[in-house]
Every structure is written in C-alpha cells, then in structure tokens.
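So you can see what is in the structure, the chains are spelled out below.
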Amino acid sequence: MKGGVLVFPGSNCDHDCYHVLKHVFKMDTDFVWHKETSLEGYDLVVVPGGFTYGDYLRTGAMAKLSPVMSALKTFVNRGGPVIGICNGFQILLEAGLLPGAMMANVSLKFICDHVYLRTETQDTPFTSNLQRGSVLKIPVAHYQGNYMASPETLLELEDNDQIVFKYCDAGGNVVESANPNGSVKNIAGICNRERNVVGMMPHPERCSEPELGSVDGKHIFESVIDSLAGKVP
Amino acid sequence: MKARVYVTMKKGVLEPQGRAVARSLASLGYGEVKGVRIGKVMDIEMKDVTEERAEKLLEEICQKLLANPVIEDYTFEIVDDRKS
Amino acid sequence: MKARVYVTMKKGVLEPQGRAVARSLASLGYGEVKGVRIGKVMDIEMKDVTEERAEKLLEEICQKLLANPVIEDYTFEIVDDRKS
Amino acid sequence: MKEVNITPEVIREHNLTDEEYERILEILGRPPNITELGIFSVLWSEHCSYKSSKVHLSKFPTKAPYVIQGPGENAGVIDIGYGLTAVFKMESHNHPSFIEPYQGAATGVGGILRDVFTMGARPIALLDSLRFGNLENPRTRYLVEGVVSGIAGYGNCIGIPTVGGEIYLDECYDGNILVNVFTVGVAKKDRIFKGIAGGVGNPVIYVGAKTGRDGIHGATMASEEFDQESEEKRPTVQVGDPFLEKLLLEACLEVMKTDYIVGIQDMGAAGLTSSSFEMAGRAGSGIEMNLDLVPLREEGMVPYEIMLSESQERMLLVAKRGKEREVIDIFKKWDLDAVVIGKVTDDGMVRIRKGGTTVAELPVNPLTTDAPVYDRPHEKPDYQEELNRLDIDALDVPEDQGSVLKMLISSVEGCDRSWIYRQYDHMIRTNTVVLPGSDSAVLRVKGTTLGIAISVDCNSRYCYLDPYQGGIITVAEAARNVAVSGARPLALTDCLNFGNPERPEVMWQFKNSVEGMAHACSVLETPVVSGNVSFYNETMGRGIFPTPTVAMVGVIKDYTIALAQFFRQEGHIVYLVGPDQKKADIGGSLYLKEVHGLVKGLPPAIDLDYEKSLHRFLVGGAKRFYFESAHDVSEGGLALGLAECCFPPAGSPMGCTVVNPYGDLRPDTALFGETQGRVIISIKPEKEADFLAFAAESGVPAARIGETGGERFVIKGYVDMHIGEAYTLWKESFGKKLSL
Ligand SMILES: Nc1ncnc2c1ncn2[C@@H]1O[C@H](COP(=O)(O)OP(=O)(O)O)[C@@H](O)[C@H]1O
Ligand SMILES: [Mg+2]
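Residues numbered from 1 in each chain as written. Chains lettered and ligands numbered in written order. Predicted model: local features only at pLDDT ≥ 70, side-chain atom pairs only at ≥ 80, totals over all residues. Heavy atoms only, no water.

1. Details of unusual backbone geometry
All names here are of chain D. Residues other than glycine seldom take positive phi values, yet Asn15 does so here, at roughly 60 degrees. Summarising the element assignment, Asn15 is placed in the loop between helix 1 (8–13) and helix 2 (18–28). We classify Asn15 as partly exposed; its relative accessible area is 35%. Even without being glycine, Tyr50 reaches a positive phi, approximately 55 degrees. (Helix = DSSP H or I, 4+ residues; strand = E, 2+ residues; numbered from the N terminus. Buried < 20%, exposed > 50% of the residue type's maximum accessible area, 1.4 Å probe, protein only.)

Structure below.
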C-alpha cells in the first residue's frame, strides 16, 4: 500500500501528513511534487494544508492549475481515495473535484484551536471506522474556512449524504456557538458523489499521536487504510 | 497594452470583509453607508498583443484563474490600446 | 447613491499577489502578460446623501478606514447619483 | 547618474557626525561619492555597527561546552545532542511596526527567519514579545490588531508555528511600540553554514526577490529618534512576501544539502551592502559585484538605491567555482531568481561596478570590524531615588482581596492572551507538545526523544526601577519559565530595547541592565549566544522603560514528560516552593500598577545561587515524575499564579482551596507580592514523601498550601470565587479591552 502527499509551492503541512502516514502508520509514502504528471502506483493521495501560492488571489486558485492536478483527476476517476485537508480541501474545491467555495472566516481572523466534529456519514473510505454521530476533537488552523455553496448544491449534498463532518460542541450538538468560521450548516467536511474524495478543514494529522493531546485523527487514516486493505487482496 | 479586470462577489453571496467594513463605518458615525461589498481590481500589463488577442486572452485567464465562477463575476476593460 | 472606491498599492511598493499571479500566468503559457497588480474595489451604497456630502464622506472614509495611506492610493467615483 | 555633491547637509542627512566624516576622508584619502557615503552611513549606523553598545555587550558570558556559535554570526548555535543543534536569535522591528503595524511586524518575522535558515537550520518555532501604549489611545488598538495580524500573516503563511510570547501595555510605549520576534531552528551539527565569502574567484550569487526601492534608509531610520520629519520618510515601508520566503527557505535548505555552498547570508537591514561587506569581512577577503546583473523590480535604479535597498526575501551566497549551474538550477526549481553578480577577491576591498564603470570602491574592515565604537557617558538619573521610594504602609490595604484578584485576572498581564495566539498557527509541524498558555512552550524534535523549551521574558517595570536588578530578574525568570517545564535552560538570545544612547541616563540604564544580565547569565550558566540592540526608542525626548528582552532555550531529554502549568486532576496536593514572600517585594508589582496606579519601589530581591538549585530541582523532579504541574510565580504574585494554574486555555477550569502561607504579612503584600524564585507545584498524594525528600535534598523550601478540586477558587479567609465565573472573566478580558 502506497501513499502520496502532494507538494505545491507553499504546502506547509506536507511534512506533517507524511510523518503520520510514514511513521505513525508505517505506510510506504512519497512526497509528490506538483509538476509530476502521473499518480500511477499510489493507493491513497493526500492533498495537504498550507498556503499554496501564498493563498494569493484566492486560496487554492493557482494550485489547481498545477500539472499534478490532471493526474489527480485521473486517479479520482479510477476511484482512488483522496483526502484534502485545509488548504488541500480548498484546492479540491477550486479544481471542481468537490462542490462549493471557501470564504474568509466571519471573524476575519485566522483561527488556530481545537474544535469538535460530528461524523455525519460513515459511507466514505475515510470515515468507515467511525460511527455516524461520533464526536472527534481535532485542531483547525485557517483564515478561509467559511464554506459556502448555492442552495441547490446544499440540497444535493444533503440528499446524497455528502456532508461528512459538522462542527459541534463537546456533546455532539451542532450549534451556532460551535461554528468557528461561519460555515453554512456548520459544515466542516464533505465528499464527492462517488464518495472517494473527501475534503475537510480540520487537521487529523495534528491529532494522531498521544503526545499531541488527542488521537481522534487516527480514525480517519485508519479508516482509509482498512478500506484499502479490504480492497487489495 | 493595459487592462483592468474587476472581480466581484456574485449577488447573494455573503461577503464578510464588506460587512465588517460597513459595521466599522457605522460605529464611526457614518450611518449613511448602507452597504459595502469588496472585490478585486487587477491591473494587467500585456506586451505584443493586438486588441483582439488581448480580449480573448483576458476572457481566458478570467475563466481559468482570476475569478471563481462559483462565487464571483468578472468584467474587464482595455485601458489603453496603444501597442507597447 | 452608489459609489465605487479603488484602493491600489502605491507605485513602487511591492504587491506580492500580483507577482505570484503573473508568474502563474507565464507558466500557463500566457507569456504576453508582463505584470499584474491587484488591488481592491469597494462598492459602497449610501442613503440620504447629496452628491456633495457623498464626496466628502468618501474622502473621509478612504483616509480613515478604507485605504492605508502609508502604502496604498485610492480613487473613487460616484456611480449613479439618483437619490435612493 | 548625476553626481551629488557631498555637502555638510548631505552628510548630516546620512546621520554621520563631522568626526565620522573626517574619519571617512582619512580612510579613503579622498572624498567619498554619494554611493560610498550611503554605504558608510548604513554600515556605521547604530543598527549595523553596535557602536554605542559594543563596549558593554562584551561583558556577556558567551561560552559553554555546548555553545557552537556565539554572538557575531547570523544566529547563535548550541549542541542539543543526537548530532543536532538549536539555532536561534531574536530581533526587533519596532520603528517599522509603529509606522505600518501589519507590514512592520510581518517583515520582522521574515527577517528573523532568514537569520536562522541562512545558518542551515529549519526554523521550528517563533515567539513574539510585544509592548504597546495605553489602550485608551485608539491608535494602540489599531497597532495591536495590526501587529498581531502581521505576525500571523507571515508566520502562518510560511508555515512556522508561533508558540508563545508576551505582551505588556504601558503609556511609556505610546510613541514607541516594541515588536521583538524570536525564532529557533534545528540543524545538523555538521551542516552549519556561515556568512563567509571565502575562496578567491568563487561566484557571488544573488537569490530571491527582485530589488526595489523599498526601505531605502530603513537601516538608518531604525536608529534614529522619531521626530516630525520621519513622517516624510514614510513611503519607505517594506512589504513582505511570505510565499516567496517559503520558496527561499525550501530552496536554501535544499541547496545546503549539496557541497556547493561556501557561505550564505540574508540581506537584512542595509541589504546588499551589509551582506557583501560582512561576508567579506568575516572571511578577510574582498568582493567584486556588477550591479547591472542585480534583478531589479523598477526602472532607473541608481547604485545608491540598489546598494541600500531593503527589499525583503533576498539572500547573498558564495558558491564553489564551477558549481554555478547546479546552484542556480535548484533555485529555478523553486521558481526563484538566482544570478551570479560578482566574485570573491583577496584584496580586502569591495568593488562595485555599474554600466562599465566603478561606482564604489571601499576597504572592508574600516566599514565593518573597525567601525567607530563609542563608550558613551552614563549617569544615574536624578529621578531614580524618588522612583525607588515606596512607603507601603502609607497605602491603604484593599478591603476585599477577591476584588483585587479579579482586577488582576482581567488586566492585560493577567488575563488569557489566547486572543493573540489563536490567530497564530501554533501547532503546524506537529511538534508543539506544550501549547501556548504555559510558562514555556515545548517542541519535540522528531526522530529523537528531545524537547526544546522556549520562553521570552522581560519585566520592564523592574528594569526601570533598577536596571541592574531588573536585568538579573529578566534572565532568571526566563530560565525559570523553561525549567518549570522540566527542561534545563541552556543559553539565551536577547533584544535590548532602550531610548537614546546619547543621553547619559539611557546609557546608565543600558550599562546596568547588561551588567545585571551578564551576572545572572554567569551564575545560572546560560550564556548569551546571539542578540540585537534597538536604541532610539524615544519620541520627543521621552524614552521607553528599559526593555532588555530575553528568550531562553532549554532542552528536556524526554519530551513526553514535559510539564504544563495547569492543575490536572482533583485531589492533587498543591505546594508552593521557594523563599517566603517579603513585605518589600511588592515594589514594581502588577498589583501596585493596577490597583494603586504606581510604578515605584525596588524590584524584588533574588538569590541566584538558590535560583540555580531551584532549576536543578525542577528538572530533576520532572524527570522523577514527582510533579503533575509546575508554574512560576511572577506578575500578580501567589494569588494570580494560583489562578493561572486553574485556567487551562482549552478544556475546563479546575478549582482549588489553599491557605495563605504568609498570614503575618499585610494581605495585599502576601497575596500579590512578587518575591522571586517561587513555583506552584501540584503532586499526586502518593508522591508526597518522595517529593519532600527531594526538595530537602535540593535545598528548596516547600510548603504545602492546599489541594486541587471543587467548584470554587479559595484562599481561605481572603478569596472565595466561583471558578467558572473567574474563568470566564479571565477568558474574555483581552477581547473586551480591545473592542472597547
Ligand atoms: N504576544 C503573545 N504571543 C503569543 N503568546 C503570548 C503572547 N503574550 C502572551 N502569550 C502567552 O500567554 C501565556 C502567558 O504569558 P505570560 O504571563 O507573559 O507568561 P509568563 O509570566 O510565564 O512569562 C504564555 O503562554 C505566553 O506564551
Ligand atoms: Mg511564567
């Protein structure tokens, strides 16, 4: 089983994702430079967080034009599992691999803190080990996490069970006061229709080791590793 | 040749920066200001292009990069058409 | 009444966004683009103001809030003068 | 280029004195041209030459077996084991941040990062030390918002966590805010790079951003007293590009894995001038450069502008001859300009050409190592005695100590400062094992068991009241903040912020602060390995409190045992270790300032030998698992210190019930006095006997004062508050103050 962590100019969480896959989960893992044109041979692709191209113009706008993105689309079309975290999520939105767009946090401030997430669906390779309704404690760190989508898109997301995580309080209640950025319907993560592409603002790679205060992020990586193991005989 | 591209938020899209500015203005006593919406203005300098080519190019780069059609509209104008 | 305010980086002041966008366009094959500078465009809506008052108000809020005079320039125009 | 006449006026505009100009004539044997004059002026400025501070800085101890690089390079380097080093430095960006808070603070972050990665280290964390004026002044709020978002904007974008810092407000900073930023990086011991232009004939390569007309005269500006005229110098604000710096960082670290680099240095203050002269100076070589080859952002730039530009995100490096292509290709990969602009020579001269002619030709040493040095007059100010006079008995004892504590909990120095550090990504790179909010932040070093603990400190009230004692306490407190986490304090970097050194009272403050710090450093065995001096923090003759900020770096062998300051469970026993509170140790306290509006008296006494044993006790006790939490008692004394143990920034508060161990003192001095060398420690009941035996063996007094748990915060007979309410007050105060 082999994981690829995409690296764009300005990717900052590439090392963190690599560390978790390689050293926590002992997965064979490569960094994949954004000029690569193929993702042949990878079983899992992580689009990590950071400030690709400085977040200039719009977050994720320039990264979506990198050569590796066509390879990523091929990988997705073949059904390969992809997770975009934070800026990675924003890139997937810009690239049209996930619906909707990201705006600045309503506070107009960068926010770095632990938040709680409620799992809304078990039906993705990244949440298959989680129960619907289970609560994760997980860090966020972003300036543009205010997810928005047209009413039609939101309806579709709901009808197709594409909302993966919502911000909630410690008790699992999805309430306005638990929303760190103004995101519509407290959405923290979504998936595509085919369910193999997940984007989320919070950082599971920052809470996958006990010394970092929470291991709730592990479930997300474990889910995909188990899903892959199930598929690969 | 120089062009100016305007990228603004689609109608109906909540735009947090503009809202915050409007609120600040109100608290500074400028009650006359009822709304602010903030977009981008981009000054583009091009070389060795005809006006026709420039229009096509601008259209292309707006669609590909400068604006996000999910939330933004764009317009552009060629500011001077002297070949440079 | 509606007005449009343009806030752009002063000449000679680095504008990093534009630089990155220009590089990105070049690597996409748009070599004709020689430079990009990005600023803000703000659409302001005002109520119960005369044109004269609006001009004064805009001047004031540009200086106080909308622009950072240390590094930015501003201009504005009144877009329509129907009282609204 | 039109020749500018070197008139007395031009000389004065360049901040050169008549004597200094005489000296230039002597060195050159001819009058300088304007480019050369500009170069002299920046290299001989206070900022680059340290001309007023050098004689005192030499008093700092700078050596220890683990010190690999002391002051003099771009950053200090210490050995931390596993073949690794910690590389660190702190720098000020005070004046630029006052003029344009966002960009000033942002480029401050950019600058200090370059200082560290130029040595071959990957930066792992930042700290910020901030001073602002009164919050009633609306500009203060604008400055706080701007500076914090500038640090966030740059640090977050480049992906280096800002894991702590400090912030103080006092009206003495109204016209002169302080923005000091520290960074620490990790480098392999055998891969340290220096700013050396060695090897005759080797190419000199310019990399990074293009040169614009940014901040020309910025280096001189940073050393000049503010006056009305500085308004006119305004368009010289530099704008930072953190994305470009991220590329530069990655590209430099990549090129440093090769064997092609001889020396490398960032272009900081005075840009191309200081980097070229300093690199030649350190190597005892010379440099020849052709300015026609320098990538320019604007048209028509003259040599004077190119040499003095402070455009950000640029580096100068010297590569091995024949390896130009390989080096340039690595920078190309990262989409960066890299151009050979000259070569190393051996005649001790820097020669600069443009358009086929020589535009400057200057000897290196007189401009660098042999720049003017002044032993400026110093004298104790006559107001000092009055300042030190404090008759505590003449002050009323507040009736209700609980309300006093509430005042302190909601003061800027006592309240929750997560309003600031929530805007900083403090977790990126997943090394922060003790998050901001505790006395020090602790970062693990992946691939080892090591943790690096860092804290930045300065109590400038103490330094104002007694610069010598204040200097001692600053170092001791920084070391203690590191030690409470279980890490051994190893070395420090400083940033000495003072007023106008040409005034004897400022020089007196400077000299005494440095001597106090030096004394503490030698007793605590924490040498100074790098630092920075910022003079002229003065507006219209009104100076700031002397503010010699210290950032201490320590190492804990096993990061998994690092401690935070927060009580962890109900039913743990609370101990106060350290000397008894003394009545007089209320001088300069937060209590006096907040409650009585006074900055008076003498700072607390401190016994450095005891302090040293305390640190050993803290490190040893953590290693033996005796402690559950440890928190140093500083501003606000025992009462505020205890409250801080009950208030974790994330999670829920924990009550406690304790006694006042100093029942025979006035209650305000007992609860809010700031006697040094005290630490609040919580322990599991079953560890008590071992803990006490170890304290006795270490020569550290320990008094059992109470227990953790319950819904209330109680100091029996004095304070009884609902813990949740107190917590909310503490959490919300900072944001409320700013949004007034
Ligand atoms: N400007 C700042 N930036 C980041 N963190 C800060 C800042 N000011 C204070 N903090 C954090 O708030 C906590 C309390 O600060 P302080 O009272 O100065 O600590 P101490 O007294 O132990 O030095 C520390 O963890 C510190 O790192
Ligand atoms: Mg402390």
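Resuming the write-up.
2. Some details on the sheet that holds strand 16 (residues 451–457) of chain D
All names here are of chain D. Taken together, six strands build an open sheet; the order of strands is 14-15-16-21-17-18 and the sheet is mixed. Looking at the sheet topology across the chains shown, the edges are occupied by strand 14 (432–434) and strand 18 (528–534). The sheet shows a mean angle of 25 degrees between the axes of neighbouring strands, direction not considered. Bridging between strand 17 (residues 488–497) and strand 18 involves six bridges; their strand directions are parallel. Its bridge partner lying in strand 18, Cys495 is registered against Asn532. Strands strand 17, strand 18 and strand 21 (547–556) of the sheet are contacted by helix 20 (residues 504–524), whose axis makes an angle of about 175 degrees with strand 17. (Pairing = 2+ DSSP bridges. Axes fitted to C-alpha atoms, helices over the stretch in contact; angles between N-to-C directions. Contact = heavy atoms within 4.5 Å.)

3. So, the interface of chain A and chain C
Each side of the interface is counted separately: chain A has four residues, and chain C has seven residues. Each partner contributes to the roughly 530 Å² buried at the junction of chain A and chain C, and carbon and sulfur atoms together form 79% of this total. When the area that chain A buries against chain C is broken down by residue, the three leading residues are Tyr56, Leu57 and Met62 of chain A, summing to 76%. At the junction of chain A and chain C, the tally comes to one residue pair in polar contact (both at pLDDT 80 or more). Split into classes, the residues belonging to the side of chain A that touches chain C amount to four nonpolar, no polar and no charged. (Buried area = accessible area lost by both parts, 1.4 Å probe. Polar contact = N/O pair within 3.5 Å; in protein donor to acceptor, adjacent residues only side chain to side chain. Nonpolar A, V, L, I, M, F, W, Y, C, P; charged D, E, K, R; others polar.)

4. Observations regarding helix 2 (residues 51–66) of chain B
Taking 1.5 Å per residue, 16 residues should reach 22 Å; helix 2 of chain B reaches only 19 Å between its end C-alpha atoms and comes up short. Buried within helix 2 of chain B we find Ala54, Leu57, Leu58, Ile61, Cys62, Leu65 and Leu66 of chain B. Projection of helix 2 of chain B onto a plane perpendicular to its axis shows the buried side chains occupying an angular sector of 135 degrees, all on one side. Facing away from the buried side of helix 2 of chain B by over 90 degrees, the exposed positions are Glu52, Lys56 and Gln63 of chain B. Those residues of helix 2 of chain B hidden inside the fold are in contact with strand 1 (2–9), strand 2 (33–46) and strand 3 (72–80) of chain B together with helix 1 (16–27) and strand 2 (33–46) of chain C. (Expected span 1.5 Å × (residues − 1). Arc of directions from axis to C-beta.)

5. A few points about empty space enclosed by the protein
Evaluated as defined, the whole model comprises six cavities of 30 Å³ or more. For the largest cavity, the lining is made up of 38 residues, of which Gly165, Glu166, Arg417, Gly437 and Ser438 of chain D are closest to its centre. For the lining of the largest cavity, the elements supplying multiple residues, two or more each, are strand 4 (122–132), strand 5 (162–169), helix 17 (418–421), strand 16, helix 19 (467–483) and strand 23 (629–632) of chain D. Of the residues in the lining of the largest cavity, the class split is 16 nonpolar, 11 polar and 11 charged. Considering the residues around the second largest cavity, the lining is formed by 19 residues, among which Gly50, Phe51, Cys86, Phe110 and Ala141 of chain A are closest to the centre. Here the lining of the second largest cavity is composed, by residue class, of seven nonpolar, nine polar and three charged. (1 Å grid on protein atoms, 1.4 Å probe; cavity = no way out; pocket = protein on both sides within 12 Å on 5 of 7 lines; lining within 4 Å. Points joined across faces, edges and corners; volume = space filled by probe spheres on them.)

6. As for the pairing of strand 4 (residues 82–85) of chain A
All names here are of chain A. Alternating residues of strand 4 divide into Val82 and Gly84 and Ile83 and Ile85, and every residue in both groups is buried. Sheet topology places strand 3 (residues 44–47) next to strand 4; three bridges connect them, and they run parallel. Looking across to strand 4, one finds that Val45 is bridged to Val82. Where the polypeptide runs from strand 3 across helix 2 (residues 68–77) and back to strand 4, its parallel neighbour, the crossover connection is right-handed. Pairing analysis gives four bridges linking strand 4 to strand 11 (residues 197–200), with the strands arranged parallel. Bridging from a neighbouring strand, Ile85 pairs with Met200 of strand 11. (Right-handed = clockwise from strand over helix to strand, strands pointing away.)

7. Details of the state of the cysteines
Put plainly, two cysteines are in a disulfide when a covalent bond ties their sulfur atoms together. Taken as a whole and assessed by the stated rule, the structure comprises zero disulfides over all chains. Cys17 of chain A supplies the cysteine sulfur nearest to Cys13 of chain A, a cysteine that is in no disulfide, at a spacing of 6.3 Å. (Disulfide = S-S within 2.5 Å.)

8. Quick word on the pattern of salt bridges
Throughout the structure, instances matching the rule amount to 65 salt bridges over all chains. Asp123 of chain A serves as the salt-bridge partner of Arg195 of chain A, at 3.0 Å between the closest nitrogen and oxygen. One end of the pair, Arg195 of chain A, is in the loop between strand 10 (187–191) and strand 11; the other, Asp123 of chain A, is in the loop between strand 6 (111–119) and strand 7 (135–142), and 72 residues separate them in sequence. The class for Arg195 of chain A is buried, based on a relative accessible area of 12%. On the basis of relative accessibility, which here comes to 45%, the residue Asp123 of chain A falls in the partly exposed class. Of the charged contacts, one joins Lys51 of chain D and Glu20 of chain D as a salt bridge, the two residues approaching to 3.1 Å between their closest N and O atoms. Here Glu20 of chain D lies in helix 2 and Lys51 of chain D lies in the loop between helix 4 (46–49) and helix 5 (54–57), a separation of 31 residues in the sequence. (Salt bridge = Lys/Arg side-chain N within 4 Å of Asp/Glu carboxyl O.)

Geometry only, nothing functional implied.
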